[in-house]
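So the chains spell out like this:
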Amino acid sequence: MSTVLILAPVIVSSWPAIAVAVTGAASALGFAVHKTAQEALAGVEQEQGTQTVEIDLAESQVLAQSLATNQQIVLTKGSIRLVVERDARGRCKVCATGKGHGKAELKQAAEEFTQKLTQCFVYNKVMKELKSKSFQVVNEEVTQDESIRIHVRRWVD
Amino acid sequence: MAQHDVEISITKTGEVKVHIEGAKGKACLEYAKWLTKVIGKVKDQQMTREYYEPETKARINLQQNLKVEDDST
């Protein structure tokens, strides 16, 4: 053995790269992705009994120069709706709403999504960087505890 | 040629465990620095025995020297 590192990921990227991870996480968790917020929110009004929970990805930054207008992605699964967007401070924010769901349930859904989003983002970024350094993938698997394990190798003179 | 292996485990919560094998000394540190830059912040780092071993070339020389000494005794 040589070195073991434990790292806490920081999501700093342009919106398109984050959007790719959002789509991947949504797919993994069974959420439908809506191309525009207008499409998902059309005809939807804030009904009585609808709870809302917001979660910031503390270690995240959506690069400002990549920000276009109305950059948000809306995801739905049953009666739960997640809106992923850049907040005023430049952080990535997930807002969960849903009629008939308590705040704790919505918070859990938002947290589960942010974790999956982080996992997808790190996977995409790491694979891109490893390939740029000529690493070859020896093995790749998803373990029982839902971790993604990647084994790569390269030969050096 | 030296074989450098990297095992990366991305947990369900997004935490990342990186295990660098085969690279010694400075090369190992360079991998660690690069992956930290790519992924985020270091929560913990453990240098294992191999990190402190000399580079491959130096180790072979050392083994050769030891062999000469053994032969002469």
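Each chain carries its own residue numbering, running from 1 in the written order of its sequence. The lettering of chains begins at A and the numbering of ligands begins at 1, in the order of writing. Totals for whole chains, interfaces and linings use all residues, but because this is a predicted model, local features are given only for residues with pLDDT of at least 70 and pairs of side-chain atoms are given and counted only at 80 or more. The basis for every side-chain value is the complete set of non-hydrogen atoms in the structure, without hydrogens or water.

1. Section: the overall build of chain B
Inference 1: Tallying secondary structure elements over chain B gives two helices and three strands in all.
Inference 2: Secondary structure elements follow DSSP: runs of H or I no shorter than four residues count as helices, runs of E no shorter than two count as strands, and numbering proceeds from the N terminus. Going from N to C terminus, chain B has its helices and strands arranged as β-β-α-β-α.
Inference 3: Only protein chains enter the accessibility calculation, which uses a 1.4 Å probe; a residue is then buried when its area is under 20% of its type maximum, exposed when over 50%, and partly exposed in between. The burial tally for chain B puts 36% of its 73 residues in the buried class.
Inference 4: When checking whether two residues touch, look at their non-hydrogen atoms; a contact exists if any pair is within 4.5 Å. In chain B, the proportion of contacts linking residues at least 24 apart, taken out of those at least 6 apart, comes to 28%.
Inference 5: The Shrake-Rupley method, run with a 1.4 Å probe sphere, supplies the accessible areas, and residue values consider only the shown protein chains as cover. Of the roughly 4800 Å² of accessible surface on chain B, 52% is carried by carbon and sulfur atoms.

2. Comments concerning the sheet that holds strand β2 (residues 16–21) of chain B
Inference 1: Pairs of strands are assigned from DSSP output, requiring at least two bridges between the strands. On the basis of which strands lie adjacent, the open sheet formed by six strands has the order β9(A)-β10(A)-β1(B)-β2(B)-β1(A)-β3(B) and antiparallel pairing. Each edge of the open sheet is held by one strand with a lone partner, namely β9 (136–142) of chain A together with β3 (40–47) of chain B. Each adjacent strand pair in this sheet contributes to an overall mean axis angle of 15°, direction not counted.
Inference 2: The sheet contact formed by strand β10 (residues 148–156) of chain A and strand β1 (residues 2–10) of chain B spans nine bridges and is antiparallel. Bridge assignment links A:Ile148 to a residue of β1(B), and that residue is B:Ile10.
Inference 3: Here an angle of 0 to 180 degrees is reported between the N-to-C directions of two axes, which are lines fitted to C-alpha atoms, with helices fitted over the stretch in contact. Helix α3 (residues 103–132) of chain A rests against β1 (3–9), β9 and β10 of chain A together with β1 and β2 of chain B of the sheet, and its axis sits at about 15° to β10(A).
Inference 4: Running over the sheet, helix α1 (residues 25–39) of chain B touches β1 and β10 of chain A together with β1, β2 and β3 of chain B and is turned about 15° from β1(A).

In short, shape yes, function no, at least from these values alone.
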